[in-house]
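Fold and geometry: a report
Chain by chain, the residues run as shown.
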Amino acid sequence: MIQPHLRDEALLSSIAHAERTPDEPCIWWLGQSGFLVVFQGARLLLDPYLSDSLTEKYAATSKPHVRMTALVIAPERLPRIDAATSSHNHTDHLDAQTLLALRAANPRLKLVFPEANRPFVSKRLGFPDDALLGLDDGAEISVGPFQFHGVAAAHPDIERDSLGRCHFLGCVVRFGKWKIYHSGDTLLWPGLAERVRTLGPIDLALLPINGDRPERGVAGNLDGAQAARLAFEIGTRCVVPCHYEMFEFNTADPRDSFIPECTRLGQLFRVLRAGEPFCLSRGIPCSSLTSAKAIPQ
C-alpha cells in the first residue's frame with residue numbers, strides 16, 4: 001500500500017506550521033479529489049473522502065474498491081474546519097462516514113454542494129438546513145474568506161434538474177488575491193475553458209486524471225493529457241492532478257500522459273503525494289513562467 005507523505009500527527013503538525021504565515025495559503029492533497037485549504041486561520045475541505053466506506057460496500061462484489069493509498073487522517077481528527085464541498089452525490093465526493101464525523105468534530109461546519117442535490121444530500125447526511133449551502137452554475141456563496149463560484153461539470157454529461165440546476169458542479173474558490181479551480185469529476189464539455197477564463201486568472205487548478213474507460217463500469221473523467229490541456233487553456237499558473245491512486249480499478253499514473261503533455265505545452269505543474277503540502281506563494285512565483293517543470297518545494 002502507498003504510504004502518505006504525511007499522515008496523522010505529522011499532517012496536523014504541518015497544518016499548524018503553515019498557519020504561522022496566515023496570508024500564505026497552503027493546500028494538502030488528502031487522496032482522490034480531496035484537498036485541505038488553509039488561509040488566514042480558516043480551513044476548507046474540497047470533496048473529502050476520509051474513510052473506507054466504498055471498500056467496505058463493494059468488498060464482496062464484482063467491482064471491489066481495493067484501496068491503494070493508506071488513509072491520511074481520520075475525519076474526526078481535523079479540527080476547526082469552516083467549510084467542506086461536495087461536487088456531486090457519488091460517495092467518494094459525498095461520503096457520509098467522512099462528513100458526519102467532520103460535522104461532529106466541527107459543529108459549525110458548512111457544506112457547499114449543488115442545490116439540485118439538496119434532497120439527496122439532506123437525506124444522506126441529516127445536516128440541519130443552515131449547514132447546507134446550495135450552489136449552482138454561475139451562482140456564488142461565501143463562507144468566511146472563501147467565495148465559491150459554481151462551474152458546470154459533465155460526469156459524463158451536464159445533468160440538470162427540472163429547474164435547470166446542475167447535479168455535477170465544479171467551483172472556482174476565491175480567497176484574498178488567490179483563485180483555485182476544483183473541477184470535481186468532469187469530462188471536457190464545449191466552452192468549459194472559456195467559462196473558467198471568464199472568472200479571472202486562476203492560480204491553481206485541481207483536475208482529475210483517471211480517464212474515461214467504460215469497462216470500469218463508472219462514469220469517467222479527464223485523462224492526464226486532457227487535464228494538462230484544460231489547465232493550459234484556462235491559463236492557470238499551476239495544475240495539480242488528482243483522482244488517482246485511491247482504488248486499483250480506477251486509477252492512472254501522471255507519468256503516462258499528464259506530465260508529458262504539461263511539458264509539451266509549457267504548463268507548470270506539481271504532482272503531490274497524499275498528505276503532501278503545497279504553499280502557493282512559495283510554489284508559484286508572481287513572475288511569468290515560460291518553461292514547463294514541476295513546481296519545487
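Residues numbered from 1 in each chain as written. Predicted model: local features only at pLDDT ≥ 70, side-chain atom pairs only at ≥ 80, totals over all residues. Heavy atoms only, no water.

1. Re the packing of helix α6 (residues 224–234) against helix α7 (residues 258–265)
Look at α6 against α7: their axes get within 7 Å of each other, and the N-to-C directions meet at 30°. Crossing geometry of α6 relative to α7 is assigned as right-handed. For the pair α6 and α7, the contacting residues are Gly224, Ala225, Ala227, Ala228, Arg229 and Phe232 in the first and Phe258, Glu261, Cys262 and Leu265 in the second. Across the contact of α6 with α7, the residue classes break down as seven nonpolar, one polar and two charged. (Axes fitted to C-alpha atoms, helices over the stretch in contact; angles between N-to-C directions. Helix = DSSP H or I, 4+ residues; strand = E, 2+ residues; numbered from the N terminus. Left-handed = near helix turned anticlockwise from the far one by under 90°. Contact = heavy atoms within 4.5 Å. Nonpolar A, V, L, I, M, F, W, Y, C, P; charged D, E, K, R; others polar.)

2. Some points on the nonpolar core
In this structure, Ile27, Phe146, Phe148, Phe175, Tyr181, Leu204 and Leu207 are the most contacted members of the largest nonpolar core, which totals 55 residues. Excluding anything up to four places from it in sequence, Leu207 contacts Tyr181, Ser183, Leu222, Ala227, Leu230, Ala231, Val239, Val240, Pro241 and Cys242. Counting 30 residues, the second-largest nonpolar core is a separate cluster that includes Leu6, Ala18, Ala84 and Leu132. (Core = buried A, V, L, I, M, F, W, Y, C linked by side-chain atoms within 4.5 Å. Buried < 20%, exposed > 50% of the residue type's maximum accessible area, 1.4 Å probe, protein only.)

3. Some words on the sheet that holds strand β12 (residues 238–242)
Strand order in the open sheet formed by six strands is β7-β8-β9-β10-β11-β12, with mixed pairing between adjacent strands. Since the sheet does not close on itself, it has two edges, and those belong to β7 (140–143) and β12, each with one partner. The mean inter-strand angle of the sheet, taken between neighbouring strand axes irrespective of direction, is 20°. In the sheet, strand β10 (residues 178–182) pairs with strand β11 (residues 204–208) via three bridges, with the strands oriented parallel. Directly across from Ile180, in β11, lies its bridge partner Leu204. (Pairing = 2+ DSSP bridges.)

4. Considerations on α6
Within the span of α6, buried status applies to Gly224, Ala225, Ala227, Ala228, Leu230, Ala231 and Ile234. Those residues of α6 hidden inside the fold are in contact with β10, α5 (192–197), β11, β12 and α7. One side-chain oxygen of the residue at the start of α6 lies 3.2 Å from the amide nitrogen of Ala225, identifying that residue as Asp223. Gly235 sits one or two residues past α6 and shows a positive phi near 80°. (Polar contact = N/O pair within 3.5 Å; in protein donor to acceptor, adjacent residues only side chain to side chain.)

5. Things to note about α7
Those residues of α7 lying buried are Phe258, Glu261, Cys262 and Leu265. The arc enclosing the buried residues of α7, seen along the axis, measures out at 100°, which places them on a common side. Tucked inside the fold, the buried residues of α7 contact α6 and β12. Downstream of α7 by one or two residues, Gly266 has phi in the positive range, about 80°. (Arc of directions from axis to C-beta.)

6. Observations regarding the environment of Leu109
When you line up the elements, Leu109 lands in the loop between α3 (96–105) and β5 (110–114). For Leu109 and Leu94, which are 15 residues apart along the polypeptide, the C-alpha to C-alpha distance reads 15 Å. In this view, Leu109 contacts Ile81, Asp82, Ala84, Leu102, Arg103, Phe127 and Ala131; residues no more than four positions away in its chain are not counted.

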